[in-house]
Amino acid sequence: DAGVTQSPTHLIKTRGQQVTLRCSPISGHKSVSWYQQVLGQGPQFIFQYYEKEERGRGNFPDRFSARQFPNYSSELNVNALLLGDSALYLCASSPSGQLSNQPQHFGDGTRLSIL
Amino acid sequence: AQKVTQAQTEISVVEKEDVTLDCVYETRDTTYYLFWYKQPPSGELVFLIRRNSFDEQNEISGRYSWNFQKSTSSFNFTITASQVVDSAVYFCALRGTVEYGNKLVFGAGTILRVKS
């Protein structure tokens, strides 16, 4: 079975631009979470979606938004890109919305570079 | 606040040595879950183990073992007879059930370098 897939693998943008990152969860998983990992740090939680509804939001500005589609895939959008948005963006999926005792399965991430 | 501290930024060992990665956590939740993930250079986070706050039994899986001590809020990870393939960044993570909902809080990670 395919794992969590993310696209694109790498992306280069300039300040002020907008970007959309995509994620397909493991088949049968209904929950998707997004994390930002800046070089040398641990991942930071951005969003969790379950059944197309936002279930959790981290401490990120409104420039960050996301949505989940009926097939449970998800998009993360970032507007007005800043240099500090350069990071590895990780998507993780889980079977249900109750995440507490479930391990999340991560994709390989999208490496976003802002020039 | 919910927090995970991995005080060891980087560890270097020679193959076949044992190595322990430290993890200390903070949470006000009485029920919580602890995780260890491995991140090889490819970037994917690989799940290694989950432990809930009510289960303080230590666990062994092959060369890996985990020591959970609630009294000291620690969840340490030991690799026995390390191998070059163990080289990666290892993250300890915490998820509470009340204070921060479903958010998974990660430590800063420990870089493990195993030399042949």
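Everything below is about the structure printed above this text.
Here we summarise the structure given alongside this text. (Residues numbered from 1 in each chain as written. Chains lettered and ligands numbered in written order. Predicted model: local features only at pLDDT ≥ 70, side-chain atom pairs only at ≥ 80, totals over all residues. Heavy atoms only, no water.)

1. Looking at the environment of Phe45 of chain A
Take Phe45 of chain A: it is sitting in strand 5 (residues 44–50). Taking the C-alpha atoms as reference points, Phe45 of chain A and Gly16 of chain A, separated by 29 residues in sequence, lie 23 Å from one another. Beyond its immediate sequence surroundings of up to four residues, Phe45 of chain A is in contact with Ser33, Trp34, Tyr35, Gly56, Arg57, Gly58, Asn59 and Phe60 of chain A together with Lys103 and Leu104 of chain B. (Helix = DSSP H or I, 4+ residues; strand = E, 2+ residues; numbered from the N terminus. Contact = heavy atoms within 4.5 Å.)

2. A look at the environment of Trp34 of chain A
Residues and elements named next belong to chain A. Positionally, Trp34 belongs in strand 4 (residues 31–37). On the accessibility criterion, Trp34 (0% relative accessible area) is buried. As a C-alpha pair, Trp34 and Ser93 span 59 residues in sequence and 9.0 Å in three-dimensional space. Here Ser74 takes part through its side chain, which lies 2.9 Å from a polar atom of the side chain of Trp34. (Buried < 20%, exposed > 50% of the residue type's maximum accessible area, 1.4 Å probe, protein only. Polar contact = N/O pair within 3.5 Å; in protein donor to acceptor, adjacent residues only side chain to side chain.)

3. Considering the state of the cysteines
Per the counting criterion, the structure on display carries two disulfides over all chains. Across the disulfide, Cys23 of chain A is cross-linked to Cys91 of chain A (sulfur-sulfur distance 1.8 Å). Taking the torsion about the sulfur-sulfur bond, which here is approximately -65°, the covalent link between Cys23 of chain A and Cys91 of chain A counts as left-handed. Here Cys23 of chain A is found in strand 3 (residues 19–24), whereas its partner Cys91 of chain A is found in strand 9 (residues 87–94), with 68 residues between them in sequence. The pair formed by Cys23 of chain A and Cys91 of chain A is uniform in burial state, with each residue classed as buried. Paired through a disulfide, Cys23 of chain B and Cys92 of chain B show a sulfur-sulfur distance of 2.0 Å. Taking the torsion about the S-S bond as the criterion, the Cys23 of chain B to Cys92 of chain B disulfide, at about -65°, is left-handed. Within this pair, whereas Cys23 of chain B is found in the loop between strand 3 (19–21) and strand 4 (24–26), its partner Cys92 of chain B is found in strand 10 (residues 88–96), the two being separated by 69 residues in sequence. In terms of burial, Cys23 of chain B and Cys92 of chain B fall into one category: buried. (Disulfide = S-S within 2.5 Å.)

4. Side note on the pairing of strand 4 of chain A
Residues and elements named next belong to chain A. For strand 4, the buried fraction is high: seven of the seven residues fall into the buried class. Residues Ser31, Ser33, Tyr35 and Gln37 of strand 4 are buried on one face, and the alternating residues Val32, Trp34 and Gln36, pointing to the opposite face, are buried as well. Relative to strand 5, strand 4 runs antiparallel, the two being bridged by six bridges. Counted as the bridge partner of Val32 is Tyr49 from strand 5. The antiparallel pairing of strand 4 with strand 5 creates a hairpin that spans six residues between the two strands, and Gly40 there sits at a positive phi of about 85°. Two strands pair when backbone bridges link them, and strand 4 and strand 9 are joined in this way by seven bridges, in the antiparallel orientation. Paired with Tyr35 across the two strands is Leu90, which belongs to strand 9. (Pairing = 2+ DSSP bridges.)

5. With respect to unusual backbone geometry
Here the bond from Ser7 of chain A into Pro8 of chain A is cis, since omega is -10°, no more than 30 degrees from zero. Within the element layout of this structure, Pro8 of chain A appears in the loop between strand 1 (5–7) and strand 2 (10–13). Even without a glycine there, the phi angle at Ser73 of chain B is positive, about 50°. Structurally, Ser73 of chain B can be placed in the loop between strand 8 (64–69) and strand 9 (74–79). Taking the relative accessible area as the measure of exposure, Ser73 of chain B reaches 24% and is therefore partly exposed.

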